[in-house]
Structure formats: C-alpha cells, structure tokens
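The primary structure of each chain is shown beneath.
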Amino acid sequence: MSTPTVLVRPARPGDAAAVRRVVVAAFEDHGEDVAVMVEALEAAGHRRASLVAEVDGEVVGHVQLSHSWLDARQRLVDVLVLSPLGVLPAHQAAGIGTRLLAAAVEAARDSGAPAVFLEGSPDYYGARGWQRGSALGFERPSVRIPDPAFQVVTFDAREEWMTGRLIYCDPFWALDCVGLRDPLLATLEEKLARH
C-alpha cells in the first residue's frame with residue numbers, strides 16, 4: 001500500500017467549508033466553538049496565515065496564525081499565535097499535524113515576527129522544537145493556561161528586551177477561547193505542571 005502524498009499549501013477562499021469541517025471534527029466537543037473562533041479571527045482582521053494539508057485533493061488538516069501582542073516594558077510588540085492546529089481524525093498520527101506545524105513556523109519566521117506562541121501539549125510540541133514560554137521570560141495571558149502548555153518559538157527578529165505578557169487579540173477573549181475552563185481538565189493541568 002502506497003503512502004498518500006500530502007500537500008501543504010496556503011488556504012484559498014474556496015477552502016472555507018473544508019477548513020470548518022476539519023476544525024469541527026478535530027476538536028470534537030469544542031469543534032463548533034473553535035470554528036467560530038477561526039472565523040472571528042479572520043473577520044476581525046487578525047488572521048495572518050491559514051494553511052491546509054491535502055491528501056488526494058481533500059483538505060484533511062488546517063493551521064492558522066493570528067496577530068497578537070507582547071506587552072514588553074519598552075513597547076507593545078507584534079507577535080503571532082498559532083491556533084488552531086487540527087487534522088481530521090481518520091488522518092491523525094500520520095505526520096500531517098507535524099507537517100502543518102513546520103509550515104506554520106516557517107510562515108511565522110518569514111513574516112518577520114519575533115515569536116509565535118501557542119497553548120498545547122508540551123510533549124507533542126516540545127518534541128517539535130517549541131519551548132516553555134516562561135523559560136524565556138514570557139508570561140501567560142491567563143492563569144487558566146498551565147505554565148508548561150504556554151509555549152513559544154522565537155526567531156532572529158527577537159531582541160533581548162522583548163519579554164513580558166502575551167496579550168491575545170479580542171476574539172480569543174470575546175469567545176472565551178483562552179486556557180482551560182472545564183474543571184474536569186484539572187487532572188490534565190496537574191499532569192502538565194509536573195513536566
């Protein structure tokens with residue numbers, strides 16, 4: 001059996017329905033909320049890059065970069081946030097998420113941003129070059145984000161004075177898409193804190 005060819009490319013306007021389908025399926029119980037966030041970030045003008053992964057002409061994965069700020073002592077610094085990253089369940093564990101993640105990091109680097117941030121598993125993202133933000137002097141935008149899950153990749157444009165709190169753009173707050181809200185996730189937070 002041959003391995004399917006994966007094409008990672010910029011999303012096009014005609015991909016909107018396929019992107020929504022990927023996001024809803026990938027995020028299961030929270031899929032609709034995440035899809036609304038994706039659309040709200042675009043509508044508010046904060047989306048900076050949207051990439052899709054295709055297998056045999058079908059969109060099976062998506063990643064997005066959005067504009068936010070770092071509240072550094074000297075001044076606000078424009079940075080990027082990677083959210084969401086999703087792959088259709090039938091195509092997960094095949095390296096598609098890793099390919100999308102690498103393409104998003106390259107797009108962020110090419111944009112001239114000093115850093116790109118995300119909330120996610122330190123095991124998954126750490127193995128792919130991401131670091132705990134607090135280790136580099138960055139502060140979480142909310143205490144609902146476990147410290148180990150607040151991760152960053154920095155680029156050559158970053159200067160030493162660029163530290164401080166990440167400030168998400170409005171749609172993240174307006175849609176309550178910041179950190180862990182569900183009390184049942186407390187055990188996950190405890191597990192992450194031990195890393």
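Everything quoted here is computed from the prediction, not taken from an experiment.

Caption draft 1: Representation of the overall build of the chain. Across its full length, the chain holds six helices and nine strands. For 195 residues, the compact-globule estimate of 2.2 N^0.38 gives 16 Å, and the C-alpha radius of gyration of the chain, at 16 Å, lies within 12% of that figure. Seen through its principal axes, the chain has C-alpha atoms that stretch 50 × 40 × 35 Å. Scored against the burial criterion, the 195 residues of the chain give a buried share of 44%.

Caption draft 2: Representation of the pairing of strand β5 (residues 115–119) in the model. Of all the five residues making up β5, four are buried; the element is thus mostly covered by neighbouring parts of the structure. Examined bridge by bridge, strand β4 (residues 76–87) and β5 share two bridges and lie parallel to one another. Paired with Leu80 across the bridge in β5 is Val116. A crossover connection joins β4 to the parallel β5 through helix α3 (residues 96–111); in handedness this β-α-β unit is right-handed.

Caption draft 3: Quick look at the environment of Ala149. Following the sequence through the fold, Ala149 ends up in the loop between β7 (138–139) and β8 (150–154). Considering only alpha carbons, one finds Ala149 and Leu118, 31 residues apart in sequence, at a separation of 7.8 Å.

Caption draft 4: Broad picture of the pairing of strand β2 (residues 47–55). Counting buried residues in β2 gives seven out of nine residues, a clear majority hidden from the surface. Bridge count for strand β1 (residues 6–10) against β2 is five bridges, and the pairing is antiparallel. The residue of β2 that forms the bridge with Val8 is Ala53. The sheet contact formed by β2 and strand β3 (residues 58–71) spans eight bridges and is antiparallel.

Procedures and definitions
- Residues numbered from 1 in each chain as written.
- Predicted model: local features only at pLDDT ≥ 70, side-chain atom pairs only at ≥ 80, totals over all residues.
- Heavy atoms only, no water.
- Helix = DSSP H or I, 4+ residues; strand = E, 2+ residues; numbered from the N terminus.
- Rg over C-alpha atoms; globule rule 2.2 N^0.38 Å.
- Buried < 20%, exposed > 50% of the residue type's maximum accessible area, 1.4 Å probe, protein only.
- Pairing = 2+ DSSP bridges.
- Right-handed = clockwise from strand over helix to strand, strands pointing away.

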